[in-house]
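Structure assessment
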Amino acid sequence: MIWKKIPLKTLDGETVPAQAPLIVSASRATDIPAFYADWLLQRLKEGYVLWKNPYNGKFLYVSFSETRVIVFWSKNPAPILDCLDEIGEIIPNFYFQYTLNDYEQEKIEPALPPLEQRIETFIRLSEKIGKEKVVWRFDPLILTQTTGVDELLKKVETTGNQLKNHTTKLVFSFVDIEQYRKVRQNLSKSIRKYREFDEDSMQMFAAGLSRLNGNWQFEIGTCAEKISLEAYGIKHNKCIDDELMIKLFPADNALMNFLGADTGRQETSPFPAVRREQSIRLKDKGQRPLCRCIASKDIGMYDTCPHLCEYCYANYSGSHTV
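Residues numbered from 1 in each chain as written. Predicted model: local features only at pLDDT ≥ 70, side-chain atom pairs only at ≥ 80, totals over all residues. Heavy atoms only, no water.

1. A word on the overall build of the protein chain
The helix and strand inventory of the protein chain stands at 10 helices and 16 strands. Across the 322 residues of the protein chain, 55% fall into the buried class. Put simply, 69% of the contacts in the protein chain that link residues at least 6 apart link residues at least 24 apart. Total accessible area on the protein chain is roughly 15400 Å²; 49% of this is exposed by carbon and sulfur atoms. (Helix = DSSP H or I, 4+ residues; strand = E, 2+ residues; numbered from the N terminus. Buried < 20%, exposed > 50% of the residue type's maximum accessible area, 1.4 Å probe, protein only. Contact = heavy atoms within 4.5 Å. Areas by Shrake-Rupley, 256 points an atom, 1.4 Å probe, with all protein chains shown as cover.)

2. Remarks on the side chain of H166
Its place among the elements puts H166 in the loop between α5 (149–163) and β10 (169–174). Excluding anything up to four places from it in sequence, H166 contacts F122, I123, S126, E127 and K131.

3. What to know about unusual backbone geometry
In this chain, A26 is followed by S27 through a cis amide linkage whose omega measures -5 degrees. One non-glycine residue with positive phi stands out, namely D303, at about 65 degrees. Here D303 is to be found in the segment after β16 (297–298).

4. Some points on the packing of aromatic side chains
Counting across every chain of the model gives 15 aromatic pairs. Each ring, one from F174 and one from F197, has its centre 4.6 Å from the other, and the planes form 50 degrees; the classification is tilted. Linking F174 in strand β10 with F197 in the loop between β11 (194–195) and α7 (199–216), this pair joins segments that are 23 residues apart in sequence. Take F197: its relative accessible area is 8%, and that puts it in the buried class. Aromatic rings pair up to connect F172, F174, F197 and F205 into one cluster. In this arrangement the basic side chain of R43 is found over the ring face of Y48, its NZ or CZ atom lying 4.8 Å from the centre. We note K297 situated over the ring of W51; from NZ or CZ to the ring centre the distance is 3.1 Å. (Phe/Tyr/Trp six-rings, centres within 6.5 Å; stacked < 30°, edge-to-face > 60°. Lys NZ or Arg CZ within 6 Å of the ring centre and 35° of its normal.)

5. Some details on the nonpolar core
If you look at the biggest cluster of nonpolar residues, it comprises 64 residues, and the most contacted ones within it are I87, F205 and L209. With six residues, α7 is the largest single contributor of residues to this core. Dropping the residues within four chain positions of it, F205 is found in contact with L141, V149, L152, L153, V156, F172 and F174. Among the nonpolar cores identified, the runner-up in size contains 28 residues, and W3, F249, L282 and C293 belong to it. (Core = buried A, V, L, I, M, F, W, Y, C linked by side-chain atoms within 4.5 Å.)

6. With respect to the pattern of salt bridges
Taken as a whole and assessed by the stated rule, the structure comprises 12 salt bridges. Put simply, R43 and E46 hold a salt bridge, and the shortest N to O gap is 2.4 Å. Here E46 and R43 lie together in helix α2 (residues 37–46), a separation of three residues that amounts to about one turn. Exposure remark for E46: the relative accessible area of 27% places this residue in the partly exposed category. D252 is the partner of R68 in a salt bridge, and the nearest nitrogen-oxygen pair spans 3.1 Å. (Salt bridge = Lys/Arg side-chain N within 4 Å of Asp/Glu carboxyl O.)

7. With respect to the sheet that holds strand β6 (residues 69–74)
The pairing of strands in a sheet happens through backbone hydrogen bonds and is either parallel or antiparallel. Here we have eight strands laid out as an open sheet, ordered β13-β12-β10-β8-β7-β6-β3-β16, and parallel in their pairing. For this open sheet the edge positions go to β13 (234–236) and β16, each flanked by a neighbour on one side alone. Contacts between helix α4 (residues 115–129) and the sheet are confined to β7 (94–99) and β8 (134–141), with β7 contributing the most and set at about 165 degrees to the helix. (Pairing = 2+ DSSP bridges. Axes fitted to C-alpha atoms, helices over the stretch in contact; angles between N-to-C directions.)

8. Quick look at the packing of α4 against α5
Axis separation between α4 and α5 bottoms out at 10 Å; the angle between their running directions is 35 degrees. Taken as a pair, α4 and α5 cross one another with a handedness that is right-handed. In this structure, α4 contributes L115, I119, F122 and I123 to the contact, and α5 contributes T159, Q162 and L163. (Left-handed = near helix turned anticlockwise from the far one by under 90°.)

9. Comments concerning the sheet that holds strand β2 (residues 15–20)
The strand order across the open sheet formed by four strands is β1-β2-β5-β4, and the pairing between neighbours is mixed. Strand pairing shows two members of the sheet lacking a second neighbour, β1 (4–9) and β4 (48–52), which therefore form its edges. Taken pair by pair, the neighbouring strands of this sheet meet at an average axis angle of 45 degrees, ignoring direction. Here β4 pairs with strand β5 (residues 59–63) via five bridges, running antiparallel. Looking at β5, one finds that V49 is bridged to V62.

10. Notes on the pairing of β5
Sheet analysis places β2 next to β5, joined by two bridges and oriented parallel. Along β5, the bridge assignment pairs Q19 with V62. In this antiparallel pair of consecutive strands, β4 and β5, the connection spans six residues, and G57 shows a positive phi of 75 degrees.

11. Here's the deal with the confidence of the model for the protein chain
Across the protein chain, the average pLDDT comes to 91, with 88% of residues at or above 70. Overall, residues 317–322 carries pLDDT values under 50, and its contacts beyond four positions in sequence, including any with other chains, amount to 17 contacts. (pLDDT = per-residue confidence, 0-100.)

Shown next, in the form of structure tokens:
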């Protein structure tokens, strides 16, 4: 999507063209809540960010003047918690994609806080902004020579039992090793032996997860997966999700108009419904073909995340630059 272009006056007095997105992603490329919360708050106060395109190296000014929603992505949003009240005064609509994996034994997320601490942060965040605004991601699911489907299900069960009252949604994906060169290169340096899921192991995991969800009653979805798991009550998910935004922020008329929401409320639902043709039109064509997200403007930069997870596609190597 080509967002609206506006003239922007920078702090040094220069007037430049800027993109003015309605939906901002912060960020698929790096963990802004964990490492750049103060930077983001300052950028929001000043009204814009200068973003570098990772493919052509060109710089782009991004204005927040039209922004209605921020979608946060994080594995450790603890540092941003104290900023959320101020952020909410500038952009009141936001929700979190919170990746909370248990790979402590495998040691493939080496720079993350202990799992117990991350679960506590999840609960604090949920209590602060509401459980509907914190999506739990166990992402990606990874098989090794010592971690099979049963072991993964035990990890998910232990974490899910603690999050039962603090979220309404779980999203997962199966690791793609061969599809992403950076992932393949990063994992090839590890002493652990990783392997891809096949269809049988995907079905096995889905069946086990469905059983566990009898206790949780989460909405469960997959992220950019081809396989159909609807038989287990698992949907194809949208992470930048127009339907979720309509549910969370129905009073924002500008956002509802952009999303094509049917604001004629139905007796069966207190929320507007999304018009399917508008949802299709808004699909983010810059993502993978199987991604169902609607368009957003990501303001993060690749190769700037110090988490250094071994499976990460956003770092070019085992090091990072900031």
